[in-house]
Amino acid sequence: MKVLRSLMAGFTFFCVITLLQPALLLGQTSASLHVTTANSAGTPIPGATAALANEQSGAVLKSVTAADGAFDLSGITPGVYDLTITLQGFDDYRQAGITLASGQSLRFTVTLRPKSVVQSVTVTAEGSPETSVTEASISRAEIKGVAGPFGSAAQALTAAPGVFVYGYGGVAATARSEVVLRGVKGGWSSVNGDILRNGIAFLFDGIPMNNMIANNGQWQTTQIPITDMIANINVNYGPGAPSNRWFDSLGGTVNYIPYQPKMTPGGAISAGTDYGSYNTSITHFMASTGMRNGWSALLAFGYATNDTFRVGTIGAPTFAAPSSGYAAHFKLLRQFSNGTFSIAYYHSRNTEFRPNFLPLVPITPASNNNYGDAVTTTGIYGTDAGTPVPANAQYYSETSSGFYSSLAESVWKKQIKTQSDILYGKLLLALSPRLTFNSASWYRHGYRLHNRVVNFYGANNGYSHEWYDPASNTIGNSSSIALTAPHNTITFGGYWMHGDYHNPVALFNPAIGTSKSVPTFFNSDRLYNDYGFLYLQDRVDMFHQRLILTPGAAEQLFRTDYYNTGLTDFPNGNPSNDVELAPSTHKNFLEFAPSLGVQGMVTDWLTLHGNFAITYENPTDSAFGANRPANGVNIGQLKAVKSTNVEGGFLVTKCPAAFLRECSLDATYFHDKLSNVNVVTQTAQLSLPAAVALASSMNNGVSINFDNAPARWLQIHGNAIIQHNYFLSYIPSGSNQDFGRYPISNNPKYSTNLGVTTAYHSGDHRFNLNPGLWWQYVGVRYLFSNVNNAPTTQTAPGYGVVNFNTDGTINRLLPGRLQDVPVELSLGIENLFNREYNPTAYITSGGYFGTSFGGYTLVDPGAPREYIGSLKFSFK
């Protein structure tokens, strides 16, 4: 109760400040802005359109440069603004975080660059205007460049430094993947050994998409099956400043920003279709009304289908494993004189058939008399030491049945469905010239189904069928108030979230008389969570904004109520078949989280930045008892997961040699200690409880991002990371052995992403072409062993994949009144040189294929060469 009273007192203070400050600040005066535009030679550029958008209220002021290349804006409400300057034939100029104080008159010059090539990833030292953390902004062009037209929401993130993605579906948006951001993970993990598999906050339009408590699959990449809806992606590294931090931002925050309603008059419609390898098909549509009498609306929809690249086995019909997904987004916006209000709804649903793992090498009989364990394309033989392997049996592995082989549908079939619904509203208000209020409220529903039918283990196996359908519901509100002074911006705010999570699983086999309601094995639980977060943050600029300090402090509240509901949810089940025996319990955590960011502009082309932050995360469901035995949980010793993050780096925006023309280089060193982590190991044999190890780790390394435009028609860009991530301690449950200093599993020691893009434009501007070539390399990763529930020093080899993508636009191609409609064409080739590689691998204990022993390696192969082409029309 003391915790709740402190939170209520904080929010009461927040409301009082909101009401009193406008009366105190009525005497503020407006600001003005004078900007001159010129080319690299210093020649003024007239006719460019400038838009100045208030970051809090969304209000936009516009102007056009005169003959001298300059424009003036006056009567500007003090605050933080984003400036965009556009002109046909030139690259768009964007600058975020321009702070205008009361009475200030700001003047500067902007250099516009002739239109050249696809823009590269923008990495800034300051991130959002309120922080001093590193941020990567991935544009729409970059999403297509690294992921192709059909690329997944996860694959698109590989354009940012320090991001590694792996899964079983290649780059397909209808298949789940796991995202690794500087050693911390998010998404669905098919293998064990992650130090923190739910340490990245994933947002849609700034709204949390993650389940609040699940150990695995807090966020599913298939929640965004249509990336054509996404305009750009922002990636914040590390916990960051309190104003951008969520309950699971230990490793970073990823915000998928969809296309927004237009803030200017005039409607627009765009539609497109994509076709490619493995029956890939995508159809997408988007319509915007434009601003009309202060109202603007946007509707977007897309539908995607594809088959697997896994090709079956000899003598069995190929199972195409068809997948499909769709998504819809509607947003209605109302603009006022001092702000905006919007309400939106996002819905997505995805259905896929997950291909099974594949042994790296054949699992053959252990003895010479043809008895012993054997994994074949029709099932398991020899486990009872009395069933001989048929003479014509084909061993199932990459080397014996084919690199991309998979089991027949009649032998192994697993269907996975995911659904996400988000209803949300946002309010942005300028309460006075210096005071802004920002608030968002939301409801989220998440659902997932695992429907598995496996006839691989024999007719009498007790768990040939799996029905696992967890669901979650979340409501929340985040609010903040920002006071802008001449040299600092003080922000006070927080969020509150409530969630419930129901987590039932049933294993059964109709052949032996068990069913979903009368299962052979079962477990179920329900968890209720309340998360509170209050913060105070200041952004202080000194020496004409050449030095910026961002101190912050936050109070984090986590409350969890865990209920073991197995016997309630399965009243007809045998109590002895309930594998979850932990008692119902509850736990609260109240933690203080300080932070400090520093950013210094040493010269006009060199900026140094650093950040320190301590933050916490609630333990996941298994730590409280989900799928755990009765003696496996010590609730009294349970602690909140702690992250202590330190990072620093530099940003260079000027080339050391004139012949390099334009370039930039960003490098960041990070040092992140994670402690109090309960690492959960769940084997494929779901009838066994999960194992838990208490662990701490050190994630440190250097990430680099660079861009160079040596010519108007050529741009070179790339990023890389070198990291050393290892356990400080790792003690499996029931063991005294400490695996401290062992490397963290499934983390590449280094990875890089290099790209070259170029451009061709016809003289009459009717045609332009932008081809690009990208090389993505992932270094060696260390394998996790399910045999002893521990990391190993055994490695999987690194691999490199080359992807090609070209975009083109043809103007005045269509006849008559449609001649002003541009036709956009795209061609993507993933894995251009058809490289064979395995992004996922682990050492099994034997449960996956039912062998009586473990110690062999299972893998998921990456996708072979894939082609996809797209066609898009845009009407205004």
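The paragraphs below set out a description of the structure included in this document. (Residues numbered from 1 in each chain as written. Predicted model: local features only at pLDDT ≥ 70, side-chain atom pairs only at ≥ 80, totals over all residues. Heavy atoms only, no water.)

## Quick notes on the overall build of the protein chain
In step 1: In terms of helices and strands, the protein chain carries four helices and 49 strands.
In step 2: For the protein chain, buried positions account for 59% of its 876 residues.
In step 3: Intrachain contacts of the protein chain at a sequence separation of at least 6 include 68% that bridge at least 24 residues.
In step 4: Element-wise, carbon and sulfur atoms account for 60% of the exposed surface of the protein chain, whose accessible area totals about 32900 Å². (Helix = DSSP H or I, 4+ residues; strand = E, 2+ residues; numbered from the N terminus. Buried < 20%, exposed > 50% of the residue type's maximum accessible area, 1.4 Å probe, protein only. Contact = heavy atoms within 4.5 Å. Areas by Shrake-Rupley, 256 points an atom, 1.4 Å probe, with all protein chains shown as cover.)

## Digging into the sheet that holds strand 12 (residues 184-187)
In step 1: Spatially, 10-11-12 is the arrangement adopted by the three strands of the open sheet, whose pairing is antiparallel. Here the strands that pair on one side only, and so sit at the sheet edges, are strand 10 (163-167) and strand 12. Within this sheet the neighbouring strands show an average axis-to-axis angle of 25°, counted without direction. (Pairing = 2+ DSSP bridges. Axes fitted to C-alpha atoms, helices over the stretch in contact; angles between N-to-C directions.)

## Considerations on the nonpolar core
In step 1: By size, the foremost hydrophobic cluster in this structure holds 87 residues, and its most contacted members are Leu157, Val179, Ile195, Ile233, Val235, Tyr256 and Tyr730.
In step 2: No other element matches the five residues that strand 13 (residues 200-204) contributes to this core.
In step 3: The residues contacting Ile233, other than those within four sequence positions of it, are Ala136, Ser137, Ile138, Ile143, Ala156, Leu157, Val254, Asn255 and Tyr256.
In step 4: Core analysis: the second largest hydrophobic core is formed by 31 residues, Phe164, Val778, Phe849 and Tyr856 among them. (Core = buried A, V, L, I, M, F, W, Y, C linked by side-chain atoms within 4.5 Å.)

## Overview of the environment of Gly238
In step 1: By the secondary structure assignment, Gly238 is in the loop between strand 15 (230-237) and strand 16 (252-258).
In step 2: Given a relative accessible area of 3%, Gly238 falls into the buried group.
In step 3: Counting along the chain gives 377 residues from Gly238 to Thr615, while the straight-line C-alpha distance between them is 9.8 Å.
In step 4: Setting aside its immediate chain neighbours within four residues, Gly238 contacts Arg182, Ser249, Leu250, Gly251, Gly252, Asn645 and Glu647.

## Comments concerning the sheet that holds strand 7 (residues 105-111)
In step 1: Taken in spatial order, the three strands make up an open sheet running 4-1-7, and their pairing is mixed. Whereas interior strands pair on both sides, the edge strands pair on one side only; in this sheet they are strand 4 (70-76) and strand 7. Within this sheet the neighbouring strands show an average axis-to-axis angle of 15°, counted without direction.
In step 2: Sheet analysis places strand 1 (residues 31-38) next to strand 4, joined by five bridges and oriented antiparallel. Following the sheet pairing, Leu33 is matched in strand 4 by Leu73.

That is the geometry; function is a separate question.
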